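Structural overview
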Amino acid sequence: ENNEFDSAMNQYCHTIGYVAPSYVVMKFLDPYRITNLVMYLEKLHEKGLAAKEHNNLLLACYTKIKDDAKISWLLSSLLSSAPPPAHVRRAKNSSTSLEVSSESSKFDPKQTITLLSNAGYTENALQVALKYHEHVAYLDMQLSKSPPQVDDALSYIA
């Protein structure tokens, strides 16, 4: 039976770009099929067709199977390809209206921080929080450690 799922996933990987990823993901969204789902999501990511939801699901799968190397690989890939943090800036020709630049559609720092933190990957979550200036999340994680990292939190504020 396992070979049938593996064979099916190999075939689905050939349909990337033709079949909606949600169709394939829903078919393999089962704890017993996590390796098949990971295979598909990795291919989707490699082809540059993964949306932020796919990347978050892939990261969640890696945390479930505790694959530290893959977590590091995916974070490195996402952090290097994502734009710098969104900043509020004045819109052109207006001194009062504000425009918020949008984040990459491939990466959501807040969701990633929450996912990593909840899965016990605090150091990885801190790395993302630092890069994306998620001050509250960074301080919350530092102060939630046992023992609380008060010195790190204070030096971050300073």
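See above for the structure.
Keep in mind that this is a model prediction, so the values were computed, not measured.

1. With respect to the overall build of the chain
- When you go through the chain residue by residue, the secondary structure sums to nine helices and two strands.
- In sequence order, the secondary structure elements of the chain are arranged as α-α-α-α-α-β-β-α-α-α-α.
- In the chain, the share of contacts with a sequence separation of at least 24, taken over all contacts with a separation of at least 6, comes to 47%.
- A total of about 9,700 Å² of accessible surface is found on the chain, and carbon and sulfur atoms cover 54% of it.

2. With respect to unusual backbone geometry
- Between S146 and P147 the backbone carries a cis peptide bond, its omega angle lying at 0°.
- Considering the arrangement of structural elements, one finds P147 in the loop between helix 8 (135-144) and helix 9 (150-157).
- The backbone of K66 sits at a positive phi, close to 55°, despite the residue not being glycine.
- One can find K66 in the loop between helix 4 (52-64) and helix 5 (68-81).
- The class for K66 is exposed, based on a relative accessible area of 60%.
- Phi is positive for H133, which is not a glycine, with a value near 50°.

3. Some words on the side chain of N55
- Within the element layout of this structure, N55 appears in helix 4.
- On the accessibility criterion, N55 (2% relative accessible area) is buried.

4. A few points about the nonpolar core
- Among the nonpolar cores identified, the biggest contains 37 residues, and M9, Y40, L41, L59, I71, L116 and V128 are the most heavily contacted of them.
- Elements that contribute at least two residues to this core include exactly helix 1 (2-14), helix 2 (21-27), helix 3 (34-46), helix 4, helix 5, helix 6 (109-118), helix 7 (122-131) and helix 8.
- Looking at this core element by element, the count peaks at six residues for helix 3.
- If near-sequence neighbours (up to four positions away) are discounted, L116 is found in contact with L59, T63, I71, L75, Y121, T122, N124, A125 and V128.

5. Re a nonpolar patch on the surface
- A surface patch of nonpolar side chains, amounting to about 370 Å² of accessible area, comprises L143, V150, L154 and I157.
- Here the nonpolar patch takes three residues from helix 9, the largest share from any one element.
- For I157, the position within the fold is in helix 9.
- Judged by relative accessible area, I157 falls into the exposed class, the value being 58%.

6. Things to note about helix 7
- When we look at burial in helix 7, the residues that qualify are N124, A125, L126, V128 and A129.
- Elements in contact with the buried residues of helix 7: helix 5, helix 6 and helix 8.
- Within two residues after helix 7, H133 carries a phi angle of roughly 50°, on the positive side.

7. Brief notes about the packing of helix 6 against helix 7
- Look at helix 6 against helix 7: their axes get within 8 Å of each other, and the N-to-C directions meet at 165°. Comparing the axis directions of helix 6 and helix 7 gives the class roughly antiparallel. In this structure, helix 6 crosses over helix 7, and the sense of that crossing is left-handed. Residues P109, T112, I113, L116 and S117 of helix 6 pack against T122, N124, A125, V128 and A129 of helix 7.
- Of the residues belonging to the contact of helix 6 with helix 7, the class tally is six nonpolar, four polar and no charged.

Cut-offs applied
The numbers attached to residues start from 1 for each chain and follow its sequence in the written order. For this predicted model, a pLDDT threshold of at least 70 governs which residues receive local features, and a threshold of 80 or more governs which side-chain atom pairs are given and counted, while totals over whole chains, interfaces and linings are taken from all residues. Think of the side-chain values as coming from all heavy atoms in the structure, minus any hydrogens and water. Helix and strand labels come from DSSP, where a helix needs a run of H or I of at least four residues and a strand needs a run of E of at least two; each type is numbered from the N terminus. Here, residues are in contact when the closest pair of their heavy atoms is within 4.5 Å. Shrake-Rupley sampling with a 1.4 Å probe provides the accessible areas, and residues are treated as covered by the protein chains on show and by no other component. Buried means the residue's accessible area, taken with a 1.4 Å probe over protein chains only, is under 20% of the maximum for its type, while exposed means over 50%, and partly exposed covers the values in between. Within this scheme, the nonpolar core is defined by two criteria: the residues are buried Ala, Val, Leu, Ile, Met, Phe, Trp, Tyr or Cys, and they are joined through side-chain atoms within 4.5 Å. Patch membership needs two things, relative accessible area over 30% and no salt bridge, and members are linked within 9 Å if like-charged or within 5 Å if nonpolar (Val, Leu, Ile, Met, Phe, Trp, Tyr). Each reported salt bridge corresponds to a side-chain nitrogen of Lys or Arg within 4 Å of a carboxyl oxygen of Asp or Glu. With axes taken as lines fitted to C-alpha atoms, and helix axes fitted only over the stretch in contact, angles between N-to-C directions fall between 0 and 180 degrees. Any angle that falls under 35 degrees is termed roughly parallel, while one over 145 is termed roughly antiparallel, one within 65 to 115 roughly perpendicular, and all others oblique. Crossings are sorted by hand: turned counterclockwise from the far helix by less than a right angle, the near helix makes the crossing left-handed, and turned clockwise it makes it right-handed. By the convention adopted, Pro, Cys, Tyr, Trp, Phe, Met, Ile, Leu, Val and Ala count as nonpolar, Lys, Arg, Asp and Glu as charged, and the other residues, Gly among them, as polar.

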